[in-house]
Amino acid sequence: MSPEMTAERKPVVTGSPQISSTTTCSGIMLWVVIALAPAAVWACISMGLPAIRMFALAAGSTLITEGAWNAIAKKRQTLTDGSALVTGVLLAMSMPPMTPWWITVAAGFIAIALGKMIFGGLGFNLFNPALVGRAFVLVSWAGVMASAPGRGWFKTLDIAATGGYDAITGATRLAVAAADRAAGGAYGFDLAAQYQPLLWRNLEGSLGEVSAALLILGGMVLLFKGIIDWRIPAGYIGAMGLLSWAFGSDPIFNIIAGGVLLGAFFMATDYVSSPMAKNARLAYGIGCGVLNAVGRFYGSMPEATTFAILFMNGIAPLLDRVFRPRVFGWVKRNG
Amino acid sequence: MAKGAFKGGIHPPDRKAATAGSPVEWMPVPSRLVLPMSQHLGAPCAPIVEVGQHVSRGEVIGSVDAFVSAPVHSPVDGEVTAIAPCLTAAGSRVTAVTIKPDAEQDLGSFLRVEADDPKSAVRAAGVVGMGGATFPTTVKLSPPADTPVNTVILNGCECEPFLTCDHRLMLETPSRVIDGAQKIAELIGASRIVICVEDNKQDAIEALRAAAPGTVEVRALPTRYPQGAEKQLIWAILAKEVPHGKLPAATGALVHNVATAAAIADAIDTGKPLTERIVTVTGAVKRPGNYRVLLGTLISDLIEHAGGTVGEVGRIIAGGPMTGPALASLDVPVAKGTSGIVVLTPQEASPLVEDDQACIRCGRCSEACPMFLQPYAIGNYSARQDWNGAGRFNPLDCIECGCCSFVCPTKRPLVQLIRIAKAAALTKGVKP
Ligand code: SF4
Ligand code: SF4
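These figures come from a predicted structure and were not determined experimentally. (Residues numbered from 1 in each chain as written. Chains lettered and ligands numbered in written order. Predicted model: local features only at pLDDT ≥ 70, side-chain atom pairs only at ≥ 80, totals over all residues. Heavy atoms only, no water.)

**Focus on the packing of aromatic side chains**
Residues and elements named next belong to chain A. For the coordinates displayed, the defined rule picks out six aromatic pairs over all chains. On the basis of an interplanar angle of 65 degrees and a centroid distance of 5.3 Å, the ring pair of Phe247 and Phe297 is categorised as edge-to-face. A residue pair is termed long-range when its members are at least 10 positions apart, and Phe247 in the loop between helix H11 (231–246) and helix H12 (251–256) and Phe297 in helix H14 (residues 278–298) qualify at 50 residues. Ring centres 5.1 Å apart and planes at 90 degrees place the aromatic pair Phe247 and Tyr298 in the edge-to-face group. (Phe/Tyr/Trp six-rings, centres within 6.5 Å; stacked < 30°, edge-to-face > 60°. Helix = DSSP H or I, 4+ residues; strand = E, 2+ residues; numbered from the N terminus.)

Printed below as a string of structure tokens:
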């Protein structure tokens, strides 16, 4: 090649660096979906059509909302960054399979529209969009959501005789455990006996509660790929376990039941709504675990994951400020 | 933290295999040489020759009477054909002396520099930092009296991807490098000499160890970019951070590039001025290699000597791809700081993305930053032209290593944004 040819070709002139890593935003989102896949597919197999329908409705709603928003606002189309798909999948996994279809669609719409786009799109939202969508429908249609059953039903438990079970429509193991605790252990609900179903095949509850083991597997994939920082799930799960134990319950049961694992590995680790400084991440994870445990044992809802993480999302920027790292060459942090 | 491991940094693909095994070979004298009067940081030289004048190899053609400067010499016997502005690799225009070399050349001989003492010889030889910083070496050899320097650190890390010129220099002429290190230590009264090489260059480490006397340490450091950055290197050896706003000498250490050390040895031992250097020409070229190139050789001629480019060209870089500028034109000369010419294909070059690709707050840039900065924050404020906001995040501590831009998944041009914030902080006096 002669220099003249280069002049014609107008070489690109850019500032350094001239090379970049192959990691892209859509690549990261794809890995999140891949990590969720084992638990999601197993949920579809175990719960059948309602689960499949749930994924289609939730993801369809988030994707269409984002696409339409960009089109109407005449913004660059952002569907390919993969974040709307992740929001849809996470939302689906946080819902019981028998949730009325219009609630799912509404949750997807709210997640994207009010959870993300109104702030300016991906990167500008303060809260995790999937949790915003879920919180919205939890609050708006509390009665419907509380009675939306899982696919299993707690028929294996012979506690109806004691009068407690009837009161818990569509009861999850978590709800039964709470009722048992409230009744001073009158039902004799054996938490350790729940490990196996919770780990492998649990049809009471939302799609994301089918297999704790597969969620852990997915979490390991994200950790191994360097996509999430161990500090968030470790702080979260550690605090949850420790407090459950301190509150006199079974830590393992409390970690693998309900939304803790989905929350700790996939929801609280959402980049945009979590802190970035390392120590801030640890504090944030611990904060999520503490709030989740307190909400579960002393709140009105046994499932406090959503609000625990949303609250911590809100103070993530503050944590980043408090735990701002010291700059190389500075003795003390400079403000 | 253990010595030898600075915090942060990245592992870019090293791409050195194409030229790591290529012995240095002379590039033949080209048909013309263009010598910018400023190939260093500091005061530019003024030409002291005239058009039509015949000059000899080693003759001074540009000089200036300023402390922070370095004279320019003719690399050949030849005739001055023009004195006019030329474009440099960095994209600026500076006065340059064009020389048409004589048909007969004896590159083995040269006009010796005249100097009374070793430090003057280094200055007269026009030696500057050859790792790319191009800071006049004599200035670095004159640290303030109140900051005694005990340790001379030679930087042979060559942590930039693609480049192998320092590797070949250490492998082929280890004694010149060691000699230079000892000369530096003598000049500044340092007692300890450490030559640092990344552990991906085992053969160079062995060559240096074989040639080094007991008083010279040869340290293998982990291969991680930017291991060769001055502050990170000092941390690796002394576990001391260069305090903000202070010279590296404040830690009692002085860092010189290995090629600079060799040039210092040449200047003091043989009176040889700096008239050529090793340049790694690599990437999408037909004959990648390490060429000994006369300063002033046009990059177009150098690429042609390397067989020309192959396939589609995305970007041509002067220096390494992490810190080097992309060239707007190939009609720019090889200068004292030109360590390499890297031809990237469009696929290898970092993508150019639309400006509105937002930060997704993944934290990768902070994690990679060897200065423990929050590049995303400086970048975000800088993009909004909020200089006070950017100033709160210490843009002036940025060493422009490029790690942050490299790792960013949304490919934000962080280094550019930070450079702008730096300039704003300096001109507007924003306090960090
Ligand atoms: S902010 Fe500066 S020092 Fe930090 S990684 Fe980016 S370029 Fe390097
Ligand atoms: S690497 Fe890029 S996307 Fe991630 S925090 Fe830094 S600027 Fe934002």
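**Describing the domain arrangement of chain A**
All names here are of chain A. The domain architecture assigned to chain A consists of domain 1 (25–146) and domain 2 (176–322). Taken together, the 36 residues of domain 1 in the interface contact 33 residues of domain 2. A buried area of about 2800 Å², summed over both sides, lies between domain 1 and domain 2, and 79% of it is on carbon and sulfur atoms. For the domain 1 face of the interface with domain 2, the top three residues by lost area are Trp31, Trp42 and Leu131, together amounting to 20%. There are zero salt bridges connecting domain 1 and domain 2. At the boundary of domain 1 with domain 2, the tally comes to seven residue pairs in polar contact (both at pLDDT 80 or more). The set of elements that each furnish at least two residues to the side of domain 1 that touches domain 2 consists of helix H2 (25–47), helix H3 (49–73), helix H4 (83–93) and helix H6 (129–140). Looking at which element gives the most residues to the side of domain 1 that touches domain 2, the answer is H2, with 11 residues. Classifying every residue of the side of domain 1 that touches domain 2 by side-chain character gives 30 nonpolar, five polar and one charged. (Domains from an automatic or database assignment. Contact = heavy atoms within 4.5 Å. Buried area = accessible area lost by both parts, 1.4 Å probe. Salt bridge = Lys/Arg side-chain N within 4 Å of Asp/Glu carboxyl O. Polar contact = N/O pair within 3.5 Å; in protein donor to acceptor, adjacent residues only side chain to side chain. Nonpolar A, V, L, I, M, F, W, Y, C, P; charged D, E, K, R; others polar.)

**Overview of the nonpolar core**
Of all hydrophobic cores here, the largest spans 78 residues; its most connected members are Met93, Phe266 and Tyr284 of chain A. Top element by residues in this core is H2 of chain A. It accounts for 11 residues. Residues from two domains meet in this core; each of domain 1 (25–146) and domain 2 (176–322) of chain A gives at least three. Apart from the residues lying within four places of it in its own chain, the contact partners of Phe266 of chain A are Val32, Ala35, Leu36, Leu90, Leu215, Gly218, Gly219, Leu222 and Leu261 of chain A. In terms of nonpolar packing, the next biggest core, distinct from the first, is built from 76 residues, Leu154, Ala267, Leu295 and Val313 of chain B among them. (Core = buried A, V, L, I, M, F, W, Y, C linked by side-chain atoms within 4.5 Å. Buried < 20%, exposed > 50% of the residue type's maximum accessible area, 1.4 Å probe, protein only.)

**Some thoughts on the site of ligand 2**
Contacts to ligand 2 come from 13 residues, most closely from Cys359, Cys362, Gly363, Cys365 and Cys408 of chain B. Residues near ligand 2 are shared among chains A and B, making this a multi-chain site. Its residues assigned to classes, the shell around ligand 2 shows nine nonpolar, two polar and two charged. (Near = heavy atom within 4 Å.)

**A closer look at the site of ligand 1**
All names here are of chain B. Near ligand 1 lie 14 residues; those nearest to it are Cys369, Cys398, Cys401, Gly402 and Cys404. Of all the secondary structure elements, the ones that give two or more residues to the shell around ligand 1 are helix H13 (403–407) and helix H14 (414–427). The residue inventory of the shell around ligand 1, partitioned by class, reads 12 nonpolar, one polar and one charged.

**Describing unusual backbone geometry**
Here the bond from Ser16 of chain A into Pro17 of chain A is cis, since omega is -5 degrees, no more than 30 degrees from zero. Unusually for a residue other than glycine, Arg361 of chain B sits at a positive phi of about 60 degrees. Within the secondary structure, Arg361 of chain B sits in the loop between strand S16 (340–344) and helix H10 (364–368). We note that Lys411 of chain B has phi near 55 degrees; this positive angle belongs to a residue other than glycine.

**Here's the deal with the pattern of salt bridges**
A side chain with one charge may pair with a side chain of the opposite charge, provided their charged atoms come close. One pass over the full model with this rule turns up 18 salt bridges over all chains. Notably, a salt bridge pairs Glu348 of chain B with Arg15 of chain B, separated by 2.9 Å at the nearest N-O pair. Linking Glu348 of chain B in the loop between S16 and H10 with Arg15 of chain B in the segment before helix H1 (17–20), this pair joins segments that are 333 residues apart in sequence. You can call Arg15 of chain B partly exposed: its relative accessible area is 37%. Taking the shortest distance from any N to any O, the salt bridge between Lys272 of chain B and Glu276 of chain B comes out at 3.0 Å. The buried category is assigned to Lys272 of chain B, whose relative accessible area is 14%. You can call Glu276 of chain B buried: its relative accessible area is 11%. Connected via shared salt-bridge partners are Asp229, Arg231 and Arg281 of chain A together with Glu367 of chain B.

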